[in-house]
Amino acid sequence: MRFLLLFLVFPHCLAQQEPIKVRYLAEGKVYLDAGADRQLQVGDTVLIRQGAIRLIVEAVNSRTSLCRLEAGPMPEIGEVCQWVKPEGKPGDAAVQEPDAVQAEPVESGPSPPKSMRERAKKPLRGSVALEYAAFQSDLGEDRAQQGLRINLRSTEDQSGSFSFRIRTRTRFYDETPFRVERNLERTENRIYVAYVEQGRPDARFHWALGRILDADAASLGPVDGLRGRVTWGQGHGFSFLGGLQPEWEYSKFSSDIQKYGMVYTFDTPKAKVSSGAWHLAIGAMGEYLDGEVNREYVTIQNRYQGTHLGLFQSLEWDVNRDWRKDVTGKSSQLTNLFLRADWRTGGLRFGLQYDTRKNVRTYELLTEQEQYFDDLFRRGLRATLSYKWSRHDLIYLNVGQREREDGSEDATTFNLRYNRTHFFHRQLGFNVSGSQFQNGLSDGHQWGAEWTWQIPAGGDIRLGYTVSAYDYLSQAMQRENNWLTLACYWPLRRHWFISGQFEQHNGDELPGQRIFLQLGYRF
């Protein structure tokens, strides 16, 4: 607890000021290198070229904003923006050096101006962080965890040819389980991606070697091998990915499963992005184990993002032969389908999604029980509705239903949240939420409230209280829990940052204290 208090009161400073600029263009969206650090909020207006281009902020993190194009053509990377302040007057906002965008969108559009190119010449981007987590239960169960998280991307070398990407996590566990009179210690290493790449992603040809996770072949998972990509014409591309599947915990670089994939892609030409961006990916995937077919399938993805309408579709179609045909009795089958549509206008946004994704049997899982596969297949439909009726007020509704294939009772969920910024003060925020679920085996609900204080340097401090209760219908058993949460994120001088979270749990299940601390550096 003393460490957390030190995190909350640690001194901080503002970085040097610079104008807001367009940082990325991806899927018809515009990313700015300013966010909550300059008090940008969802619904704010940003102008470019003296108002010829108008953007509306849709999402904000500590130092980055995601905007949709409201009027005018798509801007160029590096263009200077004017934020329309709450008073309604444009102004130049000062920002800190932006964080890496979580989704890591691919840059597109014309070459950025010289100032942006100079910043891109930094040898490294990303972050390195030390982590500590602990749980002390009033019932005698204690857990501690120390970790190191690395997320780095290098820029091209002096020849403009090579770069590398690495994202890893190492954790050491020290546990005293409930009712076990001995300590359990173990170390877990996980390498998500680690590869060297030759050539820019937008070059006519480039390749990567190492542990690769390809967005257009995401169903293959990580592959230890080689990826090559060729582009031609107006938005056409072809890529090949092949290698070995890593061990389950992603620490070793070899296994007995070989994976291969070929993908054709098409993206809306840059000159037409302003009228809506479309991305198509059609791929053929194969997985093999000791000469046997593990899985062979076709994957198709479509994404469209317009001014008001957004669409996404993905599906997988398995080609069954050998043992797979004997088990299923089919030469082919639709195994996974996911559809999502979003429509927005003004402060109103409506979303609808349909999900039939499930576990797929492979040769390595041939001996597993059937209940882990088709018996657990569910068809899911979910609807979301949000309405922002003022600059500071947002209400969000989420309703979902999933149907089991075995005919048992459907699972239903319901969630309602209200969010208010400028809660008696421009740096204070408040939200309250409630949810309910029922699946035939249990019935429960949860509600909570949270207060947020935005730190001018770009961080925040949050205080929340949550209550959860549910019934086991088959056993006539009731459980109730509640917990208090105090958390913060605080940017420090020279790219350092700290974050922490403390939770006090009470109730019927594992009462005790949880703590999480992180000290990191952003490149």
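If you're wondering where the values come from, they're calculated on a predicted model, not measured in any experiment.

## Re the overall build of the chain
Counting its regular elements, the chain contains three helices and 29 strands. Counting all 523 residues of the chain, 43% fall into the buried class. Taking contacts inside the chain between residues at least 6 apart in sequence as the whole, the part at least 24 apart equals 50%. Carbon and sulfur atoms make up 55% of the accessible area of the chain, which amounts to about 27,900 Å² in all.

## With respect to the pairing of strand S15 (residues 257-267)
Looking at chain direction, strand S14 (residues 236-244) and S15 are connected through nine bridges and run antiparallel. Considered in S15, the bridge of His-236 is made with Phe-266. Pairing geometry for S15 and strand S16 (residues 277-289), over eleven bridges, is antiparallel. Bridging across to S16, Phe-266 finds its partner in Leu-280.

## So, the pattern of salt bridges
Under the defined criterion, the tally for this structure stands at 19 salt bridges. Here Arg-169 and Glu-188 are joined by a salt bridge, their closest N and O atoms 2.4 Å apart. Of this pair, Arg-169 sits in strand S10 (residues 162-176) while Glu-188 is found in strand S11 (residues 184-198), placing the two residues 19 residues apart along the sequence. Both residues of the pair, Arg-169 and Glu-188, belong to the buried class. A salt bridge links Arg-321 to Glu-296; the shortest N-O distance between them is 2.8 Å. Taken together, the residues Arg-321 in the loop between strand S18 (309-319) and helix H3 (323-328) and Glu-296 in strand S17 (residues 292-305) connect sequence positions 25 residues apart.

## Examining the environment of Thr-155
Mapped onto the secondary structure, Thr-155 falls in the loop between strand S9 (142-154) and S10. A relative accessible area of 15% means that Thr-155 is categorised as buried. On a C-alpha basis, the gap between Thr-155 and Leu-124 in space is 6.2 Å, while along the polypeptide they are 31 residues apart.

## Quick word on the confidence of the model for the chain
Low-pLDDT portions of the prediction should not be read for the details of their coordinates. Mean pLDDT over the chain stands at 80; residues scoring 70 or higher make up 82%. In this model residues 1-17 is a low-confidence stretch, pLDDT under 50, and it forms 38 contacts with partners more than four residues away in sequence or in other chains. Of the regions scoring below 50 in pLDDT, residues 87-120 engages in 86 contacts with residues more than four places distant in sequence or in other chains.

Thresholds, definitions, all that
- Residues numbered from 1 in each chain as written.
- Predicted model: local features only at pLDDT ≥ 70, side-chain atom pairs only at ≥ 80, totals over all residues.
- Heavy atoms only, no water.
- Helix = DSSP H or I, 4+ residues; strand = E, 2+ residues; numbered from the N terminus.
- Buried < 20%, exposed > 50% of the residue type's maximum accessible area, 1.4 Å probe, protein only.
- Contact = heavy atoms within 4.5 Å.
- Areas by Shrake-Rupley, 256 points an atom, 1.4 Å probe, with all protein chains shown as cover.
- Pairing = 2+ DSSP bridges.
- Salt bridge = Lys/Arg side-chain N within 4 Å of Asp/Glu carboxyl O.
- pLDDT = per-residue confidence, 0-100.

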